[in-house]
Amino acid sequence: MLTSLVDLAKESSSDKRRELMGHVVSLFVMGAEKYNNEEIALFNGVLKRLVDLVEDTDKEELSEKLCEVRTTPRELVLKLANEDLVISKYMLQYSTVLTLDDLMQLAKIKGQGHLLAISKRERLEARLTDVLIERGEQPVRRSVAANPGAELSHWGTKFLVKIAEKDPVLRESMINRSDLKPEHFDRLIKQLPEEGPSGSVTSPEEYSVLNQALHRPGRYALKNYHIHPSATFCC
């Protein structure tokens with residue numbers, strides 16, 4: 001059956017190629033955990049050939065369907081991960097086939113959209129988050145800070161704490177992290193504006209940050225702040 005699929009991959013009609021790819025993908029996903037190495041290699045050959053012949057919308061669909069299949073051939077995953085963002089985002093965010101070295105290389109050369117997709121992965125090692133923080137712009141840095149599965153190096157933590165001075169959204173995400181050391185937490189709290197009577201909190205952003213701080217385990221003193229009587233913000 002697979003041999004006949006290889007022959008069908010030579011079809012010149014775009015509609016037939018699209019239909020063929022749909023059948024091949026469905027067949028692969030259904031038995032992904034059962035195929036042997038030879039069969040997976042054959043699927044890889046057929047799909048690689050088809051990827052070069054179909055439209056971007058078909059590539060996007062392929063990437064979305066295969067991104068969480070653990071036995072998807074690495075060569076095919078890398079091919080899709082290097083495509084335009086609309087196609088690659090699924091592999092970059094979800095595929096466990098991509099190794100740390102693969103992700104490091106992609107993070108070093110790809111644009112902001114690709115970096116943002118990588119930053120949303122379930123687990124990120126510190127070496128990788130360092131690259132994302134260094135190369136990424138505000139949306140990427142905010143995404144890393146808000147990702148509980150993103151491991152931060154000492155350098156990465158210090159850098160994010162520093163730029164949080166001018167970014168309340170990033171600051172709130174950092175304060176909410178469970179891996180934050182007391183000295184970094186204290187520095188973030190000190191960044192909160194102290195304007196208004198006795199350092200009162202009068203904005204939703206400040207209220208949210210302090211609400212999280214008050215419920216954070218440990219003995220962190222929040223001096224010179226109180227919730228303004230007129231505040232009606234919801235946490």
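Each chain carries its own residue numbering, running from 1 in the direction its sequence is written. The predicted origin of the model limits local features to residues at a pLDDT of at least 70 and limits the giving and counting of side-chain atom pairs to 80 or more, whereas totals for whole chains, interfaces and linings rest on all residues. Hydrogens and water are ignored here; the side-chain numbers use all heavy atoms of the structure.

Visitor: So, the overall build of the protein: which residues are in play, and what are the values?
Guide: The secondary structure content of the protein amounts to 14 helices and two strands. Relative to its full complement of 235 residues, the protein shows a buried share of 45%. Once local pairs closer than 6 in sequence are excluded, the contacts in the protein between residues at least 24 apart make up 63%. Carbon and sulfur atoms make up 50% of the accessible area of the protein, which amounts to about 13,100 Å² in all. The numbering of helices and of strands both runs from the N terminus, where a helix is a DSSP run of H or I of at least 4 residues and a strand a run of E of at least 2. Here's how the labels work: a residue is buried when its accessible area is under 20% of the maximum for its type, exposed when over 50%, partly exposed in between, all with a 1.4 Å probe on protein chains only. Residues count as neighbours in contact if any of their non-hydrogen atoms are within 4.5 Å of one another. Accessible areas in this description were obtained via Shrake-Rupley with a 1.4 Å probe; residue shielding takes into account the shown protein chains only.

Visitor: I'd like a rundown of the environment of valine 86, residues and numbers included.
Guide: Tracing the backbone through its elements, the reader meets valine 86 in helix α6 (residues 85–94). Judged by relative accessible area, which is 36%, valine 86 ranks as partly exposed. Here the alpha-carbon distance between valine 86 and threonine 57, two residues 29 residues apart in the chain, equals 8.7 Å.

Visitor: Tell me what's going on with the nonpolar core, and back it up with residues and numbers.
Guide: Among buried residues, the Ala, Val, Leu, Ile, Met, Phe, Trp, Tyr and Cys ones that are joined through side-chain atoms within 4.5 Å form a nonpolar core. Counting residues in hydrophobic clusters, the biggest one holds 57 residues, and the most contacted among them are Leu47, Leu62, Leu66, Ile118, Leu128, Leu132 and Met174. If we ignore the near neighbours within four places in the chain, the residues touching leucine 132 are Ala107, Leu115, Ile118, Ser119, Leu124, Val140 and Val144.

Visitor: Lay out the packing of aromatic side chains with the relevant residues and their values.
Guide: Geometry of aromatic contacts follows a simple scheme: Phe, Tyr and Trp rings, the Trp one being its six-membered ring, pair when their centres are within 6.5 Å, and the pair is stacked under 30 degrees between planes, edge-to-face over 60, tilted otherwise. Counted under the stated rule, the structure contains four aromatic pairs. Geometrically, the ring pair formed by phenylalanine 28 and phenylalanine 43 is tilted, given 5.2 Å between the ring centres and 55 degrees between the ring planes. Taken together, the residues span a long stretch of sequence, with phenylalanine 28 in helix α2 (residues 14–30) and phenylalanine 43 in helix α3 (residues 37–51) at a distance of 15 residues. The same class applies to phenylalanine 28 and to phenylalanine 43, which are both buried. Each ring, one from tryptophan 155 and one from phenylalanine 159, has its centre 5.3 Å from the other, and the planes form 25 degrees; the classification is stacked. With tryptophan 155 and phenylalanine 159 both in helix α11 (residues 154–163) and four residues apart, the pair spans about one turn of that helix. A connected cluster of aromatic rings, assembled from ring pairs, spans Phe28, Tyr35 and Phe43.

Visitor: Would you mind going over helix α12 (residues 168–175) in detail, with residue names and values included?
Guide: Of the positions making up α12, those classed as buried are Leu170, Arg171, Ser173, Met174 and Ile175. Where α12 begins, one side-chain oxygen reaches toward the backbone nitrogen of valine 169, 3.2 Å away; that side chain belongs to aspartate 167. Side-chain atoms alone can form a polar contact between residues adjacent in sequence; in general such a contact is a pair of N or O atoms within 3.5 Å, and within protein one must be able to donate a hydrogen while the other accepts it.

Visitor: Could you give an account of the pattern of salt bridges, naming the residues involved and the relevant values?
Guide: The term salt bridge refers to a pairing of a side-chain nitrogen on Lys or Arg with a carboxyl oxygen on Asp or Glu at a separation within 4 Å. Applying the stated rule across the entire model yields ten salt bridges. In this structure, lysine 79 engages aspartate 52 in a salt bridge whose closest nitrogen and oxygen atoms are separated by 3.1 Å. In this pair, lysine 79 sits in helix α5 (residues 74–81) while aspartate 52 sits in the loop between α3 and α4 (56–66), placing the two residues 27 residues apart along the sequence. Of the residues examined, lysine 79 reaches a relative accessible area of 27% and is grouped as partly exposed. A salt bridge links lysine 59 to aspartate 56, with the shortest nitrogen-to-oxygen separation between them at 3.9 Å. Of the two residues, lysine 59 and aspartate 56 both sit in helix α4, three residues apart, roughly one turn of that helix. Each member of the salt-bridge network shares a partner with another, and the members are Asp56, Lys59 and Glu83.

Visitor: Can you lay out the environment of valine 131 for me, pointing to particular residues and giving the numbers?
Guide: Note that valine 131 resides in helix α9 (residues 126–135). Taking C-alpha positions, valine 131 is 6.6 Å from alanine 107, a pair spaced 24 residues apart along the chain.

Visitor: Residue-level account of the side chain of asparagine 147, with values.
Guide: Position of asparagine 147 relative to the elements: it lies in the loop between α10 (138–146) and α11. Leaving out residues up to four positions away in the same chain, asparagine 147 has contacts with Ser119, Lys120, Arg121, Glu122, Leu124 and Arg177.

Visitor: A description of the confidence of the model for the protein should follow, citing residues and the corresponding values.
Guide: Low pLDDT means the predicted coordinates in that region are not meant to be read closely. This prediction gives the protein a mean pLDDT of 83; 77% of its residues lie at or above 70. A residue's pLDDT is simply how confident the predictor is in it, with values from 0 to 100. Taken as a whole, residues 196–202 scores under 50 in pLDDT and shows 23 contacts with residues more than four places along the chain or in a different chain. Across residues 218–235 the pLDDT falls below 50, and counting only partners more than four positions away or on other chains, this stretch makes 36 contacts in the model.

Visitor: How would you explain the layout of surface pockets if you had to name every residue and give the values?
Guide: Take a probe with the size of a water molecule and roll it over the atoms, and the empty space left behind shows itself. The method works on a 1 Å grid over the protein atoms by themselves. A cavity is a set of points holding a 1.4 Å probe that cannot get out, a pocket is an open set with protein on both sides within 12 Å along at least five of seven lines, and residues with an atom within 4 Å of a point line them. Grid points are joined across faces, edges and corners, and a volume is the space filled by probe spheres set on the points. The volume enclosed by the largest pocket comes to roughly 310 Å³. As for the largest pocket, its lining consists of 13 residues, of which Ser95, Thr96, Arg121, Glu122 and Arg123 are closest to the centre. Looking at the lining of the largest pocket, the elements that each hand over two or more residues are α6 and α7 (100–109).

Visitor: I'd like to hear about helix α13 (residues 182–190), residue by residue, with values.
Guide: Among the residues of α13, those classed as buried are His184, Phe185, Leu188 and Ile189. Projected onto a plane normal to the axis of α13, the buried residues spread over an arc of 140 degrees and lie on a single side. The arc in question is the one spanned by the directions pointing from the helix axis to the C-beta atoms.

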